[in-house]
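Residues per chain, in single letters:
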Amino acid sequence: MKFPLATIDKIEHLKKITTLLEDEECQIFIDTNIFGLFFRIYSSARKEFFDWIIPLIEKKRVNTPLWAVNEYSNRFIRNQIDDYFSPLKKVNTTQKEFKEISSFLKMNIDTKSLTGTTYTTVEEYLTDLKDIEDKLKKIAATAKSKDETYKNSVHSEIQNVFEKTIIQSDLTSILKVISDSGQVRYNHKLPPGFEDDKKELNLFGDLIIWLEILEFCKSTNTKKAILITNDNKKDWVYAPSKISENSKLLPNNHPQFKIVDPRLTYEFKQNTSSEEFHIINFESLTQILINKSKGGFIELAKALQIATLQEAKKKENTDLEESIESKEESITQEVLNIDEGPQIENDEIYSEYALADCDFPTDDSSVASETIEKLKTYNWYVQNPALEKFLNLDLSNIEENQNIKDKLFVIGRNIYQSACGGSATAVDTIKNLRKIFTKYKDFVINHLYSGMLYEIYFNSHNQFREHAFKATFINQIFSLQDNPRLLPSIEFINKKLHPHKNKLVVLPSQTPISINLKIDYEEKEDTSLDFLGIINKYHSISNITIDEHSLVTEIEEEAIEGYYNINGNKEEVIGLLSIIYLIPTKQIKLTLNPESSDTINLKLEEPKKLKKLAITGVLQNGG
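Residues numbered from 1 in each chain as written. Predicted model: local features only at pLDDT ≥ 70, side-chain atom pairs only at ≥ 80, totals over all residues. Heavy atoms only, no water.

Draft legend 1. A look at the sheet that holds strand S6 (residues 242–245). Here we have three strands laid out as an open sheet, ordered S1-S6-S7, and mixed in their pairing. Strands at the two margins of the open sheet, each flanked by one partner only, are strand S1 (7–9) and strand S7 (248–251). In this sheet, neighbouring strand axes are inclined to one another by 30 degrees on average, regardless of whether the strands run parallel or antiparallel. In this sheet, S6 lies alongside S1 in parallel orientation, the contact comprising three bridges. Across the sheet, the residue bridging to threonine 7 is lysine 242, located in S6. Its contacts with the sheet put helix H1 (residues 10–22) on S1 and S6, and the angle it makes with S1 is roughly 55 degrees. (Pairing = 2+ DSSP bridges. Helix = DSSP H or I, 4+ residues; strand = E, 2+ residues; numbered from the N terminus. Axes fitted to C-alpha atoms, helices over the stretch in contact; angles between N-to-C directions. Contact = heavy atoms within 4.5 Å.)

Draft legend 2. Focus on unusual backbone geometry. The omega angle of the peptide bond from proline 191 to proline 192 is -5 degrees, so this bond is cis rather than trans. Of note, proline 192 is situated in the loop between helix H7 (171–187) and helix H8 (205–219). The backbone of tyrosine 378 shows a phi angle near 60 degrees, a positive value even though the residue is not glycine. One can find tyrosine 378 in the loop between helix H16 (367–375) and helix H17 (380–391). Its identity as a non-glycine residue notwithstanding, asparagine 462 has a phi of 65 degrees, on the positive side. By secondary structure assignment, the location of asparagine 462 is in the loop between helix H21 (442–457) and helix H22 (474–478).

Draft legend 3. Structural detail: the packing of aromatic side chains. Scanning all chains against the criterion turns up 31 aromatic pairs. Arranged with centres 5.2 Å apart and planes meeting at 85 degrees, the rings of tyrosine 350 and phenylalanine 492 form a pair that is edge-to-face. Of the two residues, tyrosine 350 sits in the loop between helix H14 (331–335) and helix H15 (352–355) while phenylalanine 492 sits in helix H23 (residues 487–497), which places them 142 residues apart along the sequence. This pair shows no difference in class: tyrosine 350 is buried, exactly as phenylalanine 492 is. Cluster of aromatic residues (ring-pair linked, three or more members): Phe35, Phe38, Phe39, Phe49, Phe50, Trp52, Tyr72, Phe76, Phe162 and Phe282. Sitting above the plane of the tyrosine 538 ring, lysine 603 keeps its charged end 5.0 Å from the centroid. (Phe/Tyr/Trp six-rings, centres within 6.5 Å; stacked < 30°, edge-to-face > 60°. Buried < 20%, exposed > 50% of the residue type's maximum accessible area, 1.4 Å probe, protein only. Lys NZ or Arg CZ within 6 Å of the ring centre and 35° of its normal.)

Draft legend 4. How the structure looks around the nonpolar core. Residues Phe390, Phe437, Tyr440, Tyr457 and Ile477 are the most contacted members of the largest nonpolar core, which totals 59 residues. A per-element tally of this core places H21 first, with ten residues. In this structure tyrosine 440 touches Phe390, Leu391, Leu395, Ile445, Leu448 and Arg485, once residues within four positions along its chain are discounted. Phe50, Trp52, Leu289 and Leu300 belong to the second-largest nonpolar core, a separate cluster that totals 49 residues. (Core = buried A, V, L, I, M, F, W, Y, C linked by side-chain atoms within 4.5 Å.)

Draft legend 5. Quick look at the state of the cysteines. Tallying each qualifying case throughout the model produces zero disulfides. A disulfide-free cysteine, cysteine 217 has its sulfur positioned 8.9 Å from the sulfur of cysteine 26, the nearest such atom. Residue cysteine 217 is classed as buried on the basis of its relative accessible area of 1%. (Disulfide = S-S within 2.5 Å.)

Draft legend 6. Focus on the side chain of lysine 496. Inspection of the secondary structure puts lysine 496 in helix H23. Only 2.8 Å separates the side chain of lysine 496 from the side chain of glutamate 348, close enough to count as a polar contact. If sequence neighbours within four positions are ignored, lysine 496 has contacts with Glu348, Leu355, Tyr454 and Phe458. (Polar contact = N/O pair within 3.5 Å; in protein donor to acceptor, adjacent residues only side chain to side chain.)

Draft legend 7. Representation of the sheet that holds strand S2 (residues 26–30). If you trace the four strands from one edge of the open sheet to the other, you get S3-S2-S4-S9, paired in parallel fashion. Two strands close off the open sheet at either side, each with one partner strand: strand S3 (62–63) and strand S9 (276–280). The pairing of S2 with S3 spans two bridges and is parallel. Its bridge partner lying in S3, phenylalanine 29 is registered against asparagine 63. In the packing of H1 onto the sheet, the strands contacted are S2, strand S4 (224–228) and S9, and the crossing angle to S9 comes to about 110 degrees.

Draft legend 8. Main features of helix H4 (residues 66–77). Along its twelve residues, H4 runs 16 Å from first to last C-alpha, staying within 8% of the 16 Å computed at 1.5 Å per residue. Within H4 the residues assigned to the buried category are Trp67, Ala68, Val69, Glu71 and Tyr72. Backbone geometry just after H4 places asparagine 79 at a positive phi near 55 degrees. (Expected span 1.5 Å × (residues − 1).)

Draft legend 9. Region of interest: the pairing of S9. Most of S9 sits inside the fold, with four of its five residues counted as buried. Pairing geometry for S4 and S9, over five bridges, is parallel. Bridged to isoleucine 226 within S9 is histidine 278.

Draft legend 10. The side chain of arginine 413, seen in detail. Following the sequence through the fold, arginine 413 ends up in helix H18 (residues 402–420). Under the relative-accessibility criterion, arginine 413 is labelled buried at 0%. Side-chain polar atoms of arginine 413 contact the backbone oxygen of leucine 355, separated by 2.7 Å. Among the polar contacts listed, one links the side chain of arginine 413 to the backbone oxygen of asparagine 459, at a separation of 3.0 Å.

What follows is the structure, encoded as structure tokens:
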């Protein structure tokens, strides 16, 4: 057995988990609480996860412990599933409570008490109360009608996806082991499960699941395993006190990054002769999937942040929230108190530290520096409030100097990278950029927009990304490229991309060109159920071409790297191709062969894969 770690290299640890998730020999186990999570996230988010895990299930790499099914079944059969989506129940309570409040307010209002308020008459005040009452009643009725339908719908999805993954464990023998040694383990705080020793029901649930995992791995000669669970109790995982991240030693908080208890690793080794057992929560899994995918899992990330928002606010950012609420700050007042730094003596608009922003100085006390630091954390619950704070600043009187240019440019870069990493506030910012930019002057929007454009093509070391463009939100960013106010940004990025133009299909332009894309397909019938339990007809893609150059290959070495799932209607397929090949959807002129005006489902099936852009021949015509 090994001692617990005091410091963990988070990036290297997640890289290891990523490698294991892609390893055909690694088995993945699903804990009970993951089923509960599905009831708290919306359908498009669940679909993103199911689309990822179903191919792994078909490869027999996913397993659900029998006791996890037992725990979930107990809740479902006894109508306790409601606990999974308790916020829905609060709608009715809120409606009733407001009705009582409204009755009280109506009895305690007159013209005199309205003095100094925004109301001019009692009638206006009463109208607003009645309007809120009616709307809450309408919302509560909708939530109630959705209740049973929603519950059964999510349950059906869980059943259809995970039915084949249930481990057929011998619970009788496992319960005998529990009877002989379970309480002894708990008495000596041997994980897992000892945190549940005060429970009246299901006292040994975690331990039973653990013994199932051990028995399965031992009997199948499995040497590598990952448990996906949102159980963060100290009888499964622990938090090293420090995190090493990009050569920086940081406190492990906001939120804590947790890894498997070494005693569990030791017990796994005793049973399998391997130490390759790991535990990750659903949030870490989502971040891994985002990093490995081509623009996917953003809805899953947003849904998770919504589902955990209240808990995150309680655990984190208390001081930050107080500072946001207590005062409105101006970036002008903050940043002008510091030195402007070295002036640029060439024709560059931005300093070398802004172009290679991994070393951008943020050691002053400005709000801009604070924003940059927090957006760089890759932590949604730090990024979201930091960006909200920045967006609430008054930038109308900002001074136009080199220091401010650089800071706005780097903030633009990090707003974009935060969105690509799944930060809900950053995603909403990128999707609403046109509206947000209307409140700023040209100086501000051009430097923010230039940073966003630059982040798509260049990494934090100022290197052209070549095969790893950050294109998740290319369509949202490029939707503004014809805005006359942003011409300076378009000219800037074109100048920077000029040496690389033959590596790109299109360049940002105020007069964008069209790209001819053709999809050849044939109709087939699926032989397996989808996550809704339906056998669908679909259209298998035989080829995808740009100007007669094929984007499809069956040769592994020619295929692009990373996770992607070409499976959906033509808009969804074109949307994914636009991200992969860096072509805005508005500039794609699609031809289907055979032609079809119907809504059809297109699917690229194994062994066919998408080809690396550089070897497609498309770029021979120039960028």
